[in-house]
Amino acid sequence: MKLLFDDPLFDMFARRALCTMTRGGAEYGECAATAANIVSGDTRSWYNAWVSTAGRVEARGSESDSAGHAVSAREAFLRASTYYRVACLPLFGEPVDGRLVIASDREASCFTRFAELMTPPVVPVEVPFEGTVLPGYLCLADDARRRRRATLVGVNGYDSNVHEMYWSHAVPAIRRGYNCLLVDGPGQGRVLIKQGLRMRPDWENVLRPIIDFALTRHEIDPDRIAVMGWSLGGFLAPRAVGGGEHRVAALIADPGQYDLLDAVRASLPLPEEIRNRLPDVDPAELDPYLAGVSADPMARWRLIQRGLWVHGLKTLGEYVVEMARYRISDVVGGISCPTLVVWVEDDPIASYAERLHNALVCPKTFVRFTADEGAGGHTEALNRSRFDQVVFDWLDDLLRPER
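Caption draft 1: Up close: empty space enclosed by the protein. Within this structure, the stated rule accounts for three cavities of 30 Å³ or more. Size it by volume and the largest cavity reaches roughly 170 Å³. Lining the largest cavity are 18 residues, and of these Phe-92, Asp-159, Asn-161, Gly-189 and Ile-193 sit closest to its centre. Among the secondary structure elements, those contributing two or more residues to the lining of the largest cavity are helix 4 (70-88), helix 5 (98-117), helix 7 (189-193) and helix 13 (297-311). Broken down by class, the residue content of the lining of the largest cavity amounts to nine nonpolar, six polar and three charged. Looking at the lining of the second largest cavity, the elements that each hand over two or more residues are helix 4 and helix 6 (162-175).

Caption draft 2: Seen up close, the environment of Val-127. Considering the arrangement of structural elements, one finds Val-127 in strand 1 (residues 122-129). Apart from residues no more than four positions distant in its own chain, Val-127 is found in contact with Thr-132, Val-133, Leu-134, Val-183, Pro-209, Ile-210 and Phe-213.

Caption draft 3: Quick peek at the sheet that holds strand 6 (residues 250-254). Ordered in space as 1-2-4-3-5-6-7-8, the eight strands form an open sheet in which the pairing is mixed. A single partner strand is all that each edge strand has here, and the edge strands are strand 1 and strand 8 (364-369). Pairs of neighbouring strands in the sheet enclose a mean axial angle of 20 degrees, with direction left out of account. In the sheet, strand 2 (residues 132-139) pairs with strand 4 (residues 179-183) via four bridges, with the strands oriented antiparallel. Residue pairing for strand 4: Tyr-137 is matched across the bridge by Leu-182.

Caption draft 4: Molecular detail of the pattern of salt bridges. Under the definition given, this model contains 34 salt bridges. The closest approach of N and O atoms between Glu-30 and Arg-79, which form a salt bridge, is 2.9 Å. Here Arg-79 lies in helix 4 and Glu-30 lies in helix 2 (residues 28-35), a separation of 49 residues in the sequence. Both residues of the pair, Glu-30 and Arg-79, belong to the buried class.

Caption draft 5: Structural detail: the layout of surface pockets. Put simply, the largest pocket is a space of about 1500 Å³. Together, 50 residues line the largest pocket, and Arg-302, Asp-347, Pro-348, Ile-349 and His-378 are the ones closest to its centre. For the lining of the largest pocket, the leading source of residues is helix 13, giving six residues. The class makeup of the residues in the lining of the largest pocket is 26 nonpolar, 10 polar and 14 charged.

Caption draft 6: Molecular detail of the side chain of Gln-305. Structurally, Gln-305 can be placed in helix 13. Of note is the side chain of Gln-305, whose polar atom sits 3.0 Å from the backbone oxygen of Pro-90. Residues within four places of Gln-305 in sequence aside, it is in contact with Pro-90, Leu-91, Phe-92, Gly-93 and Arg-300.

Caption draft 7: Just unusual backbone geometry, in detail. The residue after Glu-94, namely Pro-95, is reached through a cis peptide bond having omega -5 degrees. One can find Pro-95 in the loop between helix 4 and helix 5. Geometrically, the link from Leu-278 to Pro-279 is a cis peptide bond, its omega value of 5 degrees lying close to zero. Among the secondary structure elements, Pro-279 is positioned in the loop between helix 11 (272-277) and helix 12 (283-290). In this structure, Ser-231 is a non-glycine residue whose phi angle is positive, near 55 degrees. With respect to the helices and strands, the residue Ser-231 is situated in the loop between strand 5 (220-230) and helix 9 (233-242). In the Ramachandran plot, Glu-380 falls in the positive-phi region, its phi being about 50 degrees despite a non-glycine side chain.

What counts as what
- Numbering of residues begins from 1 in every chain and follows the order in which that chain's sequence is written.
- Two thresholds apply to this predicted model, a pLDDT of at least 70 for residue-level local features and 80 or more for giving and counting side-chain atom pairs, whereas whole-chain, interface and lining totals are computed over all residues.
- Water and hydrogen atoms play no part in the side-chain values, which are based on all heavy atoms of the structure.
- Residues are said to line a cavity or pocket when one of their atoms sits within 4 Å of a point; the points come from a 1 Å grid over protein atoms alone, cavities being sets where a 1.4 Å probe fits but cannot get out and pockets being open sets with protein on both sides within 12 Å along at least five of seven lines.
- Grid points are joined across faces, edges and corners, and a volume is the space filled by probe spheres set on the points.
- Here a strand is any run of E in DSSP of at least two residues, a helix any run of H or I of at least four, and the numbering for each starts at the N terminus.
- Any residue outside Ala, Val, Leu, Ile, Met, Phe, Trp, Tyr, Cys, Pro, Asp, Glu, Lys and Arg is labelled polar, Gly included; the first ten of those are nonpolar and the last four are charged.
- The contact criterion used is simple: two residues touch if any of their non-hydrogen atoms lie within 4.5 Å.
- By this definition, two strands are paired if DSSP reports at least two bridges between them.
- With axes taken as lines fitted to C-alpha atoms, and helix axes fitted only over the stretch in contact, angles between N-to-C directions fall between 0 and 180 degrees.
- Any Lys or Arg side-chain nitrogen located within 4 Å of an Asp or Glu carboxyl oxygen qualifies as a salt bridge.
- Accessibility here uses a 1.4 Å probe with only protein chains present; expressed as a share of the type maximum, an area under 20% marks a residue as buried, one over 50% as exposed, and anything in between as partly exposed.
- Pairs of N or O atoms within 3.5 Å make up the polar contacts considered here, provided that, within protein, one atom can donate a hydrogen while the other can accept it, and that residues adjacent in sequence are counted only when both atoms are side-chain atoms.

So, to be careful, I would describe these as geometric facts and stop short of saying anything about function.
Dropping the structure here:
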């Protein structure tokens with residue numbers, strides 16, 4: 001289903017703005033007016049158009065802010081943050097494009113001002129991590145901060161960040177009486193762009209300091225912490241919980257995933273003989289078979305621009321071999337908390353959701369989202385309300401958040 005562009009890649013990028021409309025992250029008119037100034041397939045025109053719209057919306061937010069109109073200001077700053085974020089998407093890759101850094105800085109600045117003006121509070125936080133910090137936000141369900149609440153911890157994926165997770169995770173959580181802790185880890189958001197930390201498979205060693213930090217906050221009930229991973233987070237969150245982070249009361253994988261090498265092995269054009277030997281191959285042996293991947297703009301962006309950058313790799317052959325390190329099968333028995341596994345129609349990443357569910361030995365639930373209900377496609381992006389209804393009803397029955 002085309003929304004704003006005939007170009008599938010640009011249409012996918014535009015959806016990242018459009019899907020936030022129902023929660024104040026964008027306006028259709030602003031997105032459509034921006035799209036009218038973009039030449040299909042032209043990265044420069046994409047960036048310039050979205051940055052122009054973002055700057056205009058930001059300036060209007062500043063006008064309201066200066067005049068003391070906090071609600072109007074914060075609404076504008078949130079939309080501007082979205083538009084700056086979307087401007088960055090085609091620029092993913094190494095060496096890091098200076099325009100991406102500029103837009104990312106403006107995105108963060110707008111979101112920070114939105115957070116300062118927000119009620120209930122959205123509090124910037126820094127999680128100590130291996131000699132540095134992971135930036136994030138603690139989104140509180142009320143102003144009082146006097147009682148400990150059930151709290152949702154968001155785990156991000158390949159190409160999202162904490163600001164986009166505010167739309168997907170924090171808004172529905174706060175409405176239901178949860179706090180929500182959003183943190184970008186290695187390979188994600190500004191931790192990748194500004195700190196240069198790459199993705200890693202041992203996410204238990206990323207989630208552990210995040211939970212350590214959560215337990216220092218008087219607003220968070222230590223016995224009612226849930227973890228929700230979306231996109232690649234549907235792999236990272238189960239990996240972390242199974243890998244030894246047992247202070248979690250509930251786990252959601254959206255979508256559920258399993259050993260990533262299996263998915264890569266099935267999706268890339270490799271001879272059967274080489275597939276059977278993976279991962280025990282020289283990456284250089286794979287590269288001739290993968291050379292054609294760059295001909296497809298969508299695959300090029302996902303695997304070469306995004307994938308190699310996030311993992312800090314040089315070739316697709318290295319990427320394929322690297323995926324062997326991303327396993328759940330060796331820790332799945334360690335997941336003991338109630339777990340909800342999501343499958344979604346029209347999302348190839350969800351192909352292994354049932355395998356994860358079947359391997360679990362904990363209390364478990366399997367849910368499906370379909371195109372017929374408008375919730376098909378990656379992370380149910382065009383109908384998060386349906387996703388939230390199902391998933392948070394399940395979570396409410398477990399954690400009983402205060403209203």
